[in-house]
Amino acid sequence: MARINKLNVWLICLLFSILCLTLLYQSASADLALLQKPLKTKQKTPNQSKQPRCNVTLRLVEIDKNGNKNIVPGLLRILDDQGLPIPIPNLLNRGKGVKASPKSEQKGIHSWSVIPQEVQIQLPQTRLTLQTISGLETERTQKTIDFTNKSTHDITLVLKRFSNLSSNYKTANTHLHIMKLNRVECNQYLKQIPAADRLDLVFISHLERAIADKEYITNRYSKSDLKSLSRESGILFGWGEEHRHNSSGYDEGYGHVMLLNIKKLIQPVSIGPGIMKQGTDGIPLARGINTALRDQATVLWCHNAWGMECTPNVIQGNVHALNIFDGGTRSSYENSFYQYLNAGYKIPFSTGTDWFQYDFSRVYAAMKPPLSVTTWLEHLKAGQTFITNGPLLDLQINNKTIGDQLELSKEKHQITIRATGKGRLDFERLELIHNGKVIRTQKTSPVENHFEAKFEFKLKINQPGWIALRTPSPSVPPDPKRQQKTPLNEYGRELFSHTSPVYLEWECKSLFDMNQAQALLAEMKQNRDKIAKRFLFADEHERAHVLDVYSDGIEELTRQIKAQ
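These figures come from a predicted structure and were not determined experimentally.

Caption draft 1: A look at the side chain of Glu-241. Structurally, the position occupied by Glu-241 is in strand β11 (residues 236–246). One buried charged side chain, Glu-241, makes no salt bridge at all; its nearest oppositely charged neighbour is Arg-244, positioned 9.0 Å away. The contacts of Glu-241, once residues within four sequence positions are left out, are Ser-205, His-206, Val-257, Met-258, Leu-259, Ile-262, Leu-265, Ile-266 and Val-269.

Caption draft 2: Region of interest: helix α5 (residues 223–233). What α5 keeps buried is the set Leu-226, Leu-229, Ser-230 and Ser-233. Looking down the long axis of α5, one finds its buried residues gathered within 105° of arc, a one-sided arrangement. Opposite the buried face of α5, by more than 90 degrees, sit the exposed residues Ser-224, Lys-227, Arg-231 and Glu-232. The inward-facing, buried residues of α5 contact α4 (183–196), β10 (201–206) and β11.

Caption draft 3: Region of interest: the sheet that holds strand β27 (residues 450–460). Strand order in the open sheet made by the five strands is β21-β20-β23-β27-β26, with antiparallel pairing throughout. Each end of this open sheet is capped by a strand with a single partner; those strands are β21 (400–401) and β26 (445–447).

Caption draft 4: Structural context of the packing of aromatic side chains. If you walk through the whole model with that rule in mind, you get 15 aromatic pairs. Look at Tyr-169 and Phe-386: their rings are 5.5 Å apart centre to centre, the planes differ by 70°, and that puts the pair in the edge-to-face class. Of this pair, Tyr-169 sits in strand β9 (residues 169–177) while Phe-386 is found in strand β19 (residues 385–388), placing the two residues 217 residues apart along the sequence. Accessibility expressed as a relative area gives 0% for Phe-386, which makes it buried. A ring pair is formed by Tyr-189 and Phe-356, whose centres lie 5.7 Å apart and whose planes are at 70°; its orientation type is edge-to-face. On the criterion of sequence distance, the pair formed by Tyr-189 in helix α4 and Phe-356 in the loop between β17 (354–355) and β18 (362–366) is long-range, its members being 167 residues apart. Accessibility expressed as a relative area gives 0% for Tyr-189, which makes it buried. The exposure class of Phe-356 is buried, given its relative accessible area of 0%.

Caption draft 5: Highlighting the environment of Arg-287. Along the chain, Arg-287 turns up in helix α7 (residues 285–294). Owing to a relative accessible area of 39%, Arg-287 belongs among the partly exposed residues under this scheme. Along the backbone, Arg-287 and Pro-194 are 93 residues apart, and their C-alpha atoms lie at a distance of 33 Å. Once residues lying within four places of it in the same chain are set aside, the contact partners of Arg-287 are Gln-267, Pro-268 and His-545.

Caption draft 6: Structural detail: the sheet that holds strand β7 (residues 141–146). Ordered in space as β4-β3-β6-β7, the four strands form an open sheet in which the pairing is antiparallel. Bordering the open sheet on either side are β4 (113–115) and β7, each of which pairs with just one other strand. Across this sheet, the average inter-strand angle for adjacent strands is 30°, counted without regard to direction. Where strand β3 (residues 74–79) lies against strand β6 (residues 127–133), five bridges are found, and the strand directions are antiparallel. Residue pairing for β6: Leu-75 is matched across the bridge by Ile-133.

Caption draft 7: Looking closely at unusual backbone geometry. Residue Gln-267 is joined to Pro-268 through a cis peptide bond whose omega torsion reads -10°. With respect to the element layout, Pro-268 can be found in the loop between β12 (252–260) and β13 (270–271). Between Pro-369 and Pro-370 the backbone carries a cis peptide bond, its omega angle lying at 5°. Counting through the fold element by element, Pro-370 comes out in the loop between β18 and α10 (373–381). In this model, Ile-211 sits at a positive phi of 70°, which is unusual for a non-glycine residue. Summarising the element assignment, Ile-211 is placed in the loop between β10 and α5.

Caption draft 8: Structural detail: the pattern of salt bridges. On inspection of all chains with the given rule, the structure shows 21 salt bridges. A salt bridge links Lys-191 to Glu-232; its shortest N-O distance comes to 2.9 Å. On the criterion of sequence distance, the pair formed by Lys-191 in helix α4 and Glu-232 in helix α5 is long-range, its members being 41 residues apart. With a relative accessible area of 52%, Glu-232 lands in the exposed category. Residues Glu-428 and Arg-429 are paired through a salt bridge, measuring 4.0 Å at the closest nitrogen-oxygen approach. Overall, the relative accessible area of 36% leaves Glu-428 in the partly exposed class. Judged by relative accessible area, which is 31%, Arg-429 ranks as partly exposed.

Caption draft 9: Quick look at the side chain of Ser-473. Counting through the fold element by element, Ser-473 comes out in the loop between β28 (465–470) and β29 (497–499). Separated by 3.5 Å, the side chains of Ser-473 and Arg-470 make a polar contact. If sequence neighbours within four positions are ignored, Ser-473 has contacts with Tyr-333, Gln-484 and Thr-486.

Caption draft 10: Fine view of the packing of helix α11 (residues 514–534) against helix α12 (residues 540–563). Running from amino to carboxyl end, α11 crosses α12 at an angle of 165°, the nearest separation of the two axes being 10 Å. When the axes of α11 and α12 are compared, the pair comes out roughly antiparallel. Handedness of the α11/α12 crossing: left-handed. Here Met-514, Ala-517, Gln-518, Leu-520, Leu-521, Met-524, Lys-525, Asn-527, Arg-528, Ile-531 and Ala-532 of α11 lie close against α12, whose contacting residues are Arg-543, Val-546, Leu-547, Tyr-550, Ser-551, Gly-553, Ile-554, Leu-557, Thr-558 and Ile-561. In terms of residue class, the contact of α11 with α12 is made up of 13 nonpolar, five polar and three charged.

Caption draft 11: Quick look at α4. In a regular helix each residue adds 1.5 Å, so 14 residues correspond to 20 Å; α4 covers 20 Å between its end C-alpha atoms and thus fits that length. The opening residue of α4 is Asn-182, an N-cap whose side-chain oxygen sits 3.1 Å from the backbone nitrogen of Val-184. Two residues or fewer after α4 comes Arg-198, characterised by a positive phi angle close to 65°.

Thresholds applied
Residues numbered from 1 in each chain as written. Predicted model: local features only at pLDDT ≥ 70, side-chain atom pairs only at ≥ 80, totals over all residues. Heavy atoms only, no water. Helix = DSSP H or I, 4+ residues; strand = E, 2+ residues; numbered from the N terminus. Buried < 20%, exposed > 50% of the residue type's maximum accessible area, 1.4 Å probe, protein only. Lys, Arg positive; Asp, Glu negative; His and termini not counted. Salt bridge = Lys/Arg side-chain N within 4 Å of Asp/Glu carboxyl O. Contact = heavy atoms within 4.5 Å. Arc of directions from axis to C-beta. Pairing = 2+ DSSP bridges. Phe/Tyr/Trp six-rings, centres within 6.5 Å; stacked < 30°, edge-to-face > 60°. Axes fitted to C-alpha atoms, helices over the stretch in contact; angles between N-to-C directions. Polar contact = N/O pair within 3.5 Å; in protein donor to acceptor, adjacent residues only side chain to side chain. Parallel < 35°, antiparallel > 145°, perpendicular 65-115°, else oblique. Left-handed = near helix turned anticlockwise from the far one by under 90°. Nonpolar A, V, L, I, M, F, W, Y, C, P; charged D, E, K, R; others polar. Expected span 1.5 Å × (residues − 1).

And the structure:
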């Protein structure tokens, strides 16, 4: 009986472990569900095919300050009298490559089509409602038109901006791969979708996985190819690689890191038998990171600080910024950005989309034209950024703004905070964060056809730290404490936005939270022990090569703790 009970306990534990791993996989694989074969256009029903059609010429325009109408790219959704979207032949579906569902086809990303310029389309001769948007800074334009008995029709839809950050900011997706498209389809995707989303810069990154990478079409683009795409599309394309290691196919290992603006591929791109089905775990990411740094490349840690090697590399100053929500919500701000900020590490915020542009996710970097890959990355590294898939943020403290440092003292300890948020959709509220805690909120209010929230107040400071602005945090599926969802954007994704911090130096001292530092120290020691026991090495030299990364991080953080 005892043996049976032990067996039952063992089976229960096994099932629980499988369930936990499944939940982790669903989140950690981000949206591996995105990696499906491209969406095929649905066949028309016999009634739709027989219905008379109207030949429509359509364009989207913005009116500039001089009153000129400029044709712009954007997105179009057409609804029938039941409020359901109808397919638009000959236009690129915005959800190409992304897993479709009835919900996404009715209200999400698959309900939208791309309008790259003036287009000719055929629509049924009936009463229809046209909706259009362009990027994140225009209100939604809606117009109902009766096409009954009309064989032709000319339409101009005017987009109204509620924000115009283009003169002060440039936007980028720092993390994009595409698979399972042919070259013609991929060229069309890259020329049309970033432009319709009104991005300025997109980083195409190379990555490898045994067998599967045969279908990674963006791996076949050379720097010369990307220059051609830049000329033809008006979007600047940068290049890099996703340097990574998993302990098994998709489980957490050393982590994933973007190496952007590299001179050449840093080999091996993917490390270990977990991804490549051969070799050992004997190469740390730090080796590739250091090679990239010597080549003056930019290093972004991926997926919410996911991976055991993130912390030692941050502590040793090897990471320029952290990507969050690039491919899914694996964890919260608190478990990624805030732990490093509170321990005294000035880490800017960044983001991207990973596989396909399934969301509006982007980084706004404050900079003046002209735009280049190098200059944009310099402003990213300086922390002059905010990340968003919808709401637009602005934060000013005294005469300082995002990424700046403010010198405070007993004689100069009061600050004036001005914060603003704007969005096409209701993002519910602004939240002001001080050293990881919400200290002020402000609900949104409708303003014409968008939403805004703002506040201005004075605050007395008596310690070092940091202040940032955000909208409510999206849910984290594996975390039972973080199940509260935020409103969805037009692509069906939970809204998020967050600025990089304004840093507060007090009496010439920066923030150093001893408890957080001790937690990071314990994390590195635990991970070093786990790697030593569980990972595969050819010999002791390989083992030492990997473990030295953690030992060096432990040594550096211990030195910093003693210095406090």
